[in-house]
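The residues making up each chain are set out below.
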Amino acid sequence: MSDRYAVFGHPVAHSRSPEIHAEFARSTGQDIRYERILAPLDGFAAAVAAFRAAGGRGANVTLPFKHEACTLATELTMRASDAGAVNTLRFDGERVLGDNTDGAGLVRDLEVNLQRPLRMARVLMLGAGGAAAGVLLPLLEAGIASLHIANRSPGRARALAGRHAGRGPSVSGGGLDDSMHGTWDVVINATSASLSGEMPSLEGLGFGADALCYDMVYAPDRQALPGPFLQAAREKGARIAEGMGMLVEQAAESFTLWRGVRPDTRALLERMAPAWRGGR
Ligand code: ATR
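Right, let's walk through the structure included here. None of the values given here were measured: they were computed from a predicted structure. Counting restarts for each chain, with residues numbered from 1 along the sequence as it is written. In keeping with the model being predicted, local features are shown solely for residues with a pLDDT of at least 70 and side-chain atom pairs are shown and tallied solely at 80 or more, while totals for entire chains, interfaces and linings include all residues. Working from all heavy atoms in the structure, the side-chain values ignore hydrogens and water.

## So, helix α9 (residues 228-235)
Right, on to step 1. Think of it in three bands: residues with accessible area under 20% of the maximum for their type are buried, residues over 50% are exposed, and the middle band is partly exposed, with areas taken using a 1.4 Å probe on protein chains only. Only DSSP runs of H or I reaching four residues or more are called helices, and only runs of E reaching two or more are called strands; each is numbered from the N terminus. Here α9 has its buried residues at F229, L230, A232 and A233. Take α9 and look down its axis: the buried residues cluster within an arc of 155°, on one side only.
Right, on to step 2. In this analysis, two residues are considered to be in contact whenever any of their non-hydrogen atoms come within 4.5 Å of each other. Those residues of α9 hidden inside the fold are in contact with β7 (122-126), β10 (182-189), β11 (205-215) and β12 (239-242).
Right, on to step 3. Backbone geometry just downstream of α9 places G237 in the positive-phi region, at approximately 95°. To be clear, the arc concerns the directions from the helix axis to the C-beta atoms.

Written out as structure tokens, the structure reads:
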């Protein structure tokens, strides 16, 4: 019988994880079954318990359960405890390992797929919510020179920066204002602004040579044209990319944790990502 895995969310119908993991299983010859499970908003723990009892070996966790998933784990990786969020669970008998592969997925997408080295990079992160916090530790550990977190509510950015001060790279926080003026090598949009049709302004931002602007949100309707945030970045001369690569790479990291085999992501990414990704 195939080993069972699942993604838990609410909503979850839109999740592309089953398709991604099915492809990984096929290409690595692993015998797994991966399904979507819609957990009730007040019934996440019970849904996971039922899945484990039925033989589930591991799970991905998406919104709004990533925070609650921390409490189900008997053991958390550093990157999960730093993020305060778990997107991957592995069930080993009584033990439940909670990990967060989002940041590693982002770093791998930037450095390997998009060929934008992070060593000594000056990084601007827009947003200080769950999406930003979820990727911070791997980003800081990638050898960047500095990180500035800019957020609509400046206090939230300063608090997030404060929690990560003194780890090597300089980390600061502020508002969506003059404090983010400067020259950047990598700009990451981790706000949910584009979902409501708004976007943080790029006015006053300078870009270094081979700068890359990355929108963590991937919108299915942006296959032909990037959204306004990335279009503005492109007009300023930056390369642009969206979060499909991060989605595929975080899945590959989860798959590796579960199965001990790292799947090759290139063919899948070529098929799923928009043609404009990575270019100017
Ligand atoms: P997520 O898990 O997606 O990060 P979140 O924790 O609610 O969700 O955070 C949303 C982020 O998008 C926050 O940084 C939020 O800014 P505030 O902390 O000031 O709320 C940001 N955001 C949402 N809508 C925005 C908008 N219209 N303009 C700028 N930032 C926005």
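So that's the structure; there's more coming.
## Quick word on the sheet that holds strand β6 (residues 95-99)
Right, on to step 1. Any two strands with at least two DSSP bridges between them are considered paired. With respect to topology, six strands assemble into an open sheet ordered β2-β1-β3-β5-β6-β4, the strand pairing being mixed. A single partner strand is all that each edge strand has here, and the edge strands are β2 (32-38) and β4 (75-76).
Right, on to step 2. The pairing of strand β3 (residues 56-61) with strand β5 (residues 88-92) spans three bridges and is classified as antiparallel. By the bridge assignment for β5, G58 is matched with R90.

## Considering the packing of helix α1 (residues 17-28) against helix α10 (residues 244-259)
Right, on to step 1. Angles run from 0 to 180 degrees between N-to-C directions of axes, and those axes are lines fitted to C-alpha atoms, restricted for helices to the stretch in contact. Taken N-terminus to C-terminus, the directions of α1 and α10 make an angle of 55°; their axes are 10 Å apart at the nearest point. Viewed along their axes, α1 and α10 adopt a mutual orientation that is oblique. As for how α1 packs across α10, the hand of that crossing is right-handed. Contacts from I20, H21, F24, A25 and T28 of α1 reach α10 at L247, V248, A251, A252, S254, F255 and W258.
Right, on to step 2. The nonpolar class holds Ala, Val, Leu, Ile, Met, Phe, Trp, Tyr, Cys and Pro. Asp, Glu, Lys and Arg form the charged class, and all remaining residues, Gly among them, are polar. For the contact of α1 with α10, the per-class residue count stands at nine nonpolar, three polar and no charged. Oblique is the label for any angle not covered by the other classes, which are roughly parallel (under 35 degrees), roughly antiparallel (over 145) and roughly perpendicular (65 to 115). Each crossing gets its handedness from the near helix: less than a right angle anticlockwise from the far helix is left-handed, clockwise is right-handed.

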